[in-house]
Every structure is written in structure tokens, then in C-alpha cells.
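# Report on the structure
What follows is each chain in one-letter form.
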Amino acid sequence: MNKKWMLGLLFVIALSVLSACGGNEDTENAGESSDEKETLLIGTEATYPPFSYRDDNNEITGYDVEVAREVANRIGMEAEFKAIEWKGLLSSLETERIDMVANQVTITDERKEKFDFTTPYTYSGGQVIVNKNNNDIKGIDDLKGKTVGTTQGSNYEKAAKDAGAKTKIYSGANQALTDLSNDRNIDAAMNDRLFILTELPKTDYNVKGVGETFNTTKMGFALPKGNEELIEKMNGALKEMKEDGTLAEISKKYFDGENVSE
């Protein structure tokens, strides 16, 4: 074997090694630049139509869910939803077991001390619900001394107490409405006027909404404190969705043509 042939062989081997190393590096880089999105874990009741509920395929859907999913998509994240009872939603957020709550969370000064909020995506108000045979309670002013069914820590629990009513705590709105429908344990309940407008007529509950809305509420997505950058991105997405009509389109789908986002 002559010296020139040996040098040529070594040169070819060296090129092969370099190519192999370069190939491995390219493969690793390709893996790092994959299209996988960061997951945004979103807590929601999944028992509160039309805002958050399960469809016929047991998939979580609803107005809040669709808006949250679109916001996540526009900021380059993958929305994942976790069903949690209302009483555990905000505590799960506070302990950062979830990244966000999408469940018609009313923006209040008290809650803003603990959580960050996006700009509102729903504007509404609360309304009183009574048994269909009850003609004594005509609105919130008639609740003094009565017992109102509500969920723990909800905006309606505070409203009932402010009206001079006693409260009975339920795990969800359905349980309160069942008792009210059967005229037992409670005299009234409270809920969002949009729920009363769109969902109560579809149920067999023997109840009715009475009186005018007793407050004006603004609902936003709630996040743990210290998420200013993420909130800014979400607000940008919500602004885009208002401007291009997406938010109104989702709203009208769930609220009989009504735009509840403004």
C-alpha cells in the first residue's frame, strides 16, 4: 500500500466522520425546532352551559372554552382543559395547579388582589331565580331573610348576603336548581342573565327568572399573579378577535344571535 493511497483513504474517512457529526447535529436541531406548542392548562367547570359544558361526545365545550382555545391558538399555545368544581377553581389557580380559569369569572377588586385578569370578554349581570309557583319574590329586594342557594365563593354568594339573605352552599348550579325546582331547602337562587335567557328554557326545572339584572358584571380570564407578559399577549389576541369579528361570531353561536362581548 503506497503512501499517497493511504493519505487519500484517511482523507475520505475524515470527511465521512465530519458528515456524520454534521448529520447528527442537524437531526438534534430539527427536533428542537419542532412545531410542538407549550400547553396552557385551563380550569373550567364543564357543568355550566352555555359557557362550559360537555357535548354529546363528552368533550368540554362552550362559549368560554371556544374563546379560550382561540386566544391560546393566537398566542402560539395549546389549550388543555381540566374540569374542576367551582369551589376549587380559584384555589387551584392560586396554588398554580392550573395556568388559567375560563369560567365566567367576574372581575372584582377583591379578586384582583389575588389574581391577574385579561380584558373582559363577557358583559352581563345577575338575576334572581325562583320556583315557578313563587309570586312573592319579584327581585333582589325581596330576598331579605330568605335562603338563597349558591356556590361557595361565587359572586352570587356575596350578592345574596348583601341583600340580607341567608345562603345554602351547593357544589354546582344544577344542584341548587334541583332543590329550588322541588321547592325545598331554598327560596331562591341567582345566576347570570345569559344562562337564564338561553339555558333555563331548555331544562325541565320548575323555575323562572324574576326582576331586572341587579348588577353589571365583566368577566375575564383569571391567571396567577405575576403573568404580565402572558396577559399582554392574551389581551392582544382578544383585541384582534373583537376587531375581526371572531369574538362576536362565537358569542352569537351560543346566545341566540346576541353579542355579549361588548
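Residues numbered from 1 in each chain as written. Predicted model: local features only at pLDDT ≥ 70, side-chain atom pairs only at ≥ 80, totals over all residues. Heavy atoms only, no water.

Next up on the list: the overall build of the protein. Secondary structure assignment for the protein yields nine helices and 14 strands. By the burial criterion, 44% of the 262 residues in the protein qualify as buried. When contacts within the protein are restricted to residue pairs at least 6 apart in sequence, those whose partners lie at least 24 apart make up 69%. Counting only carbon and sulfur atoms, one obtains 45% of the accessible surface of the protein, whose full area is about 14300 Å². (Helix = DSSP H or I, 4+ residues; strand = E, 2+ residues; numbered from the N terminus. Buried < 20%, exposed > 50% of the residue type's maximum accessible area, 1.4 Å probe, protein only. Contact = heavy atoms within 4.5 Å. Areas by Shrake-Rupley, 256 points an atom, 1.4 Å probe, with all protein chains shown as cover.)

Between helix 2 (residues 63–74) and helix 8 (residues 228–243), the shortest axis-to-axis distance is 9 Å and the interhelical angle comes to 115 degrees. Relative to helix 8, the element helix 2 is oriented roughly perpendicular. The hand of the helix 2/helix 8 crossing is right-handed. Taking contact as the criterion, the partners of Val67, Glu70, Val71 and Arg74 in helix 2 are, on helix 8, Met234, Ala237, Leu238, Glu240 and Met241. Each residue belonging to the contact of helix 2 with helix 8 can be placed in one class, and the counts come to six nonpolar, no polar and three charged. (Axes fitted to C-alpha atoms, helices over the stretch in contact; angles between N-to-C directions. Parallel < 35°, antiparallel > 145°, perpendicular 65-115°, else oblique. Left-handed = near helix turned anticlockwise from the far one by under 90°. Nonpolar A, V, L, I, M, F, W, Y, C, P; charged D, E, K, R; others polar.)

The strand order across the open sheet formed by five strands is 11-10-12-9-13, and the pairing between neighbours is mixed. A single partner strand is all that each edge strand has here, and the edge strands are strand 11 (166–170) and strand 13 (207–210). Pairs of neighbouring strands in the sheet enclose a mean axial angle of 35 degrees, with direction left out of account. Pairing of strand 9 (residues 126–131) with strand 12 (residues 188–192) involves four bridges; the strand directions are antiparallel. Looking across to strand 12, one finds that isoleucine 129 is bridged to alanine 189. In this fold helix 5 (residues 155–162) packs onto strand 9, strand 10 (147–151), strand 11 and strand 12, with an angle of close to 135 degrees to the strand it touches most, strand 12. On the sheet, helix 6 (residues 173–181) packs against strand 9, strand 10, strand 11, strand 12 and strand 13 and is oriented at approximately 40 degrees with respect to strand 9. (Pairing = 2+ DSSP bridges.)

Throughout the structure, instances matching the rule amount to one cavity of 30 Å³ or more. Approximately 350 Å³ is the volume found for the largest cavity. Considering the residues around the largest cavity, the lining is formed by 25 residues, among which Tyr48, Thr151, Ser154, Tyr156 and Asn191 are closest to the centre. For the lining of the largest cavity, the elements supplying multiple residues, two or more each, are strand 2 (47–48), strand 6 (100–106), strand 10, helix 5, helix 6, strand 12 and strand 14 (217–224). Its residues assigned to classes, the lining of the largest cavity shows 11 nonpolar, 11 polar and three charged. (1 Å grid on protein atoms, 1.4 Å probe; cavity = no way out; pocket = protein on both sides within 12 Å on 5 of 7 lines; lining within 4 Å. Points joined across faces, edges and corners; volume = space filled by probe spheres on them.)

With that settled, consider the pairing of strand 1 (residues 38–44). With five of seven residues buried, strand 1 is to be regarded as a mostly interior element. For strand 1 and strand 5 (residues 77–83), the ladder comprises seven bridges, and the chain directions are parallel. Of the residues in strand 5, the one forming a bridge with glycine 43 is lysine 82. In the sheet, strand 1 pairs with strand 6 via two bridges, with the strands oriented parallel. Residue pairing in the sheet places glycine 43 in a bridge with valine 101 of strand 6.

Volume-wise, the largest pocket comes out at about 410 Å³. Residue lining of the largest pocket: 18 residues in total, with Leu90, Glu110, Arg111, Gly153 and Ser154 positioned closest to the centre. The set of elements that each furnish at least two residues to the lining of the largest pocket consists of helix 3 (86–94), helix 4 (109–112) and helix 5. Examining the composition of the lining of the largest pocket, we find that six residues originate from one element, helix 3, more than from any other. Here the lining of the largest pocket is built from residues that sort into four nonpolar, six polar and eight charged. Of the voids in this model, the second largest pocket is the one considered here, and its volume is about 230 Å³.

With that settled, consider unusual backbone geometry. Of note, the amide linkage connecting proline 49 to proline 50 takes the cis form, showing an omega dihedral of 0 degrees. Mapping proline 50 onto the fold places it in the loop between strand 2 and strand 3 (52–54). Located in the positive-phi region is aspartate 183, a residue other than glycine, with phi close to 55 degrees. With respect to the secondary-structure elements, aspartate 183 resides in the loop between helix 6 and strand 12. Unusually for a residue other than glycine, asparagine 185 sits at a positive phi of about 70 degrees. Residue placement: asparagine 185 occurs in the loop between helix 6 and strand 12.

The analysis is restricted to geometry; functional conclusions fall outside its scope.
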